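Working through the structure, step by step
Spelled out, the chains give:
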Amino acid sequence: MKETYDMKEALRKNLDEVIWNIEQARISITEHHIVKLVAVGKYSDEQSIQTLYELGQRAFGENQVQQLNTRMQNLEEFPLEWHMMGHLQSNKINKLIELRPSLFQSLDSLKLAEALNEKLIEKNQTMNCLLQINSAKEATKSGVSIEEAFDIYQQIQEACPALKLKGVMSIGAHVEEQKVIQQSFEATHKIYEALEKKGASICSMGMSSDYELAIKCGSNLVRIGSKIFK
Ligand SMILES: *Cc1c(COP(=O)(O)O)cnc(C)c1O
């Protein structure tokens, strides 16, 4: 029992700290800038996710369809909002559609969009998505290029009626220099601003190491794992 209690207190402390930092960062722009927190459970277990729910957190993310599936099933009794945020292999498309995530954050190519759209139409379903942009220009990251992002977003809107594009997602540059990370966030935010005219309302940027900077660059959704669960 003591162990459970300690775990809950540790999670409460982490969550409080993250929420406090989000508040400070968003207020530094304007009080009207609202930021959503998605807790990423991939380093954690279902017990911790349930505890975080008891502490008031509702939105959770996973980066693997299999893990998302298991957790959605095992935590079915709780009214959680689930986000998928990892590269989707084409053989997992049907599974993801079946799971009906609240938001699929990592739509990373026109090809994937077309394949997903086709399957969704067959099943008479739609899916909320974010277009992932590889603004750090790192070969290890998926996503469309900064140069192509605007056009691809429009192409998907025109060609894929079952995909409801809500905005963009990006992972900050994986480097030490804050300046370089900031530039990658600014590049994403610039595209987001242009896409607001096309209906975009979500700019998902920022993880444990860089969420405050991301918010200062205009992010309105942060995806945080290790800072909460470790
Ligand atoms: C794991 C992951 C996160 C959270 O990472 P942390 O650095 O632990 O906060 C956010 N976004 C994506 C896409 C991830 O895969």
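Below is a short write-up of the structure. Just so you know, the residues in each chain are numbered from 1, in the order the chain's sequence is written. Restriction of local features to residues with pLDDT of at least 70 applies here, the model being predicted, together with a cutoff of 80 or more for giving and counting side-chain atom pairs; totals for whole chains, interfaces and linings are based on all residues. Excluding hydrogens and water, the side-chain values take into account all heavy atoms of the structure.

Take the overall build of the protein next. Segments assigned H or I by DSSP are reported as helices when at least four residues long, segments assigned E as strands when at least two residues long, and all are numbered from the N terminus. A count of helices and strands for the protein gives 9 helices and 8 strands. By the compact-globule yardstick of 17 Å for 230 residues, the protein fits well, its C-alpha radius of gyration being 17 Å. For the protein, the spread of C-alpha atoms along the three principal axes comes to 55 × 40 × 35 Å. Every one of the 230 residues in the protein was classed for burial, and the buried ones make up 50%. Across the protein, every contact between residues at least 6 apart in sequence was considered, and the portion connecting residues at least 24 apart equals 61%. Computed by Shrake-Rupley with a 1.4 Å probe, the accessible areas treat only the displayed protein chains as cover when residues are assessed. With the model as given, the accessible surface of the protein reaches about 11700 Å², and the carbon-plus-sulfur share is 47%. The charge count includes Lys and Arg as positive and Asp and Glu as negative, but it does not include His or the ends of the chains. Every charge is mapped to an atom, namely NZ of Lys, CZ of Arg, CG of Asp or CD of Glu. Distance between charge centroids for the protein: 1 Å, based on 27 positive and 31 negative side chains. Taken over C-alpha atoms, the radius of gyration is set against a globule rule of 2.2 Å times the number of residues to the power 0.38. Residue burial is assigned from relative accessible area. The probe radius is 1.4 Å, only protein chains are included, and a residue is buried under 20% of its type maximum, exposed over 50%, and partly exposed in between. In this analysis, two residues are considered to be in contact whenever any of their non-hydrogen atoms come within 4.5 Å of each other.

Let us look at the site of the ligand. One heavy atom within 4 Å of a molecule or strand is enough for the residue carrying it to be called near that molecule or strand. Around the ligand, the neighbouring residues are Val 40, Lys 42, Tyr 43, Asn 63, Met 85, Met 207, Ser 208, Arg 223, Ile 224, Gly 225 and Ser 226. Taking Gly 225, its main chain carries an N or O atom lying 2.8 Å from an oxygen atom of the ligand. For this analysis, a polar contact is any N or O atom pair within 3.5 Å, provided that within protein one partner can donate a hydrogen and the other can accept it, and provided that sequence-adjacent residues contribute only side-chain to side-chain pairs. Between the ligand and the protein, one listed contact pairs an oxygen atom with a side-chain N or O atom of Ser 226 at 2.7 Å. Here the ligand has 380 Å² of accessible area as a free molecule, and 91% of this is covered by the chains. The nonpolar class holds Ala, Val, Leu, Ile, Met, Phe, Trp, Tyr, Cys and Pro. Asp, Glu, Lys and Arg form the charged class, and all remaining residues, Gly among them, are polar. Residue composition of the shell around the ligand, grouped by class: 5 nonpolar, 4 polar and 2 charged.

Each salt bridge in this description consists of a side-chain nitrogen of Lys or Arg and a carboxyl oxygen of Asp or Glu lying within 4 Å of one another. Throughout the structure, instances matching the rule amount to 8 salt bridges. Between Lys 36 and Glu 81 there is a salt bridge whose closest N-O contact spans 2.8 Å. With a gap of 45 residues between them, Lys 36 in strand 1 (residues 36–40) and Glu 81 in strand 3 (residues 81–84) connect regions that are remote in the sequence. Given the relative accessible area of 34%, Lys 36 is considered partly exposed. What makes Glu 81 partly exposed here is its relative accessible area of 25%.

A few words on the packing of aromatic side chains. Any two of the Phe, Tyr and Trp rings considered here, Trp counted by its six-membered ring, make a pair once their centres fall within 6.5 Å; the pair's planes then place it as stacked at under 30 degrees, edge-to-face at over 60, or tilted in between. Going through the model one piece at a time under the given rule, you end up with 2 aromatic pairs. Judged by centre distance (5.2 Å) and plane angle (50°), the rings of Tyr 53 and Phe 78 are tilted. With Tyr 53 in helix 2 (residues 46–54) and Phe 78 in the loop between helix 3 (65–74) and strand 3, the pair connects residues that are 25 residues apart, well separated along the chain. In this structure, Tyr 53 and Phe 78 share a single accessibility class: buried. Between Phe 60 and Trp 82 the ring centres are 6.0 Å apart and the planes differ by 45°, which places this aromatic pair in the tilted class.

Listed as buried for helix 2 are Ser 48, Ile 49, Thr 51, Leu 52 and Tyr 53. Gly 56 lies just past helix 2 and shows a positive phi near 115°.

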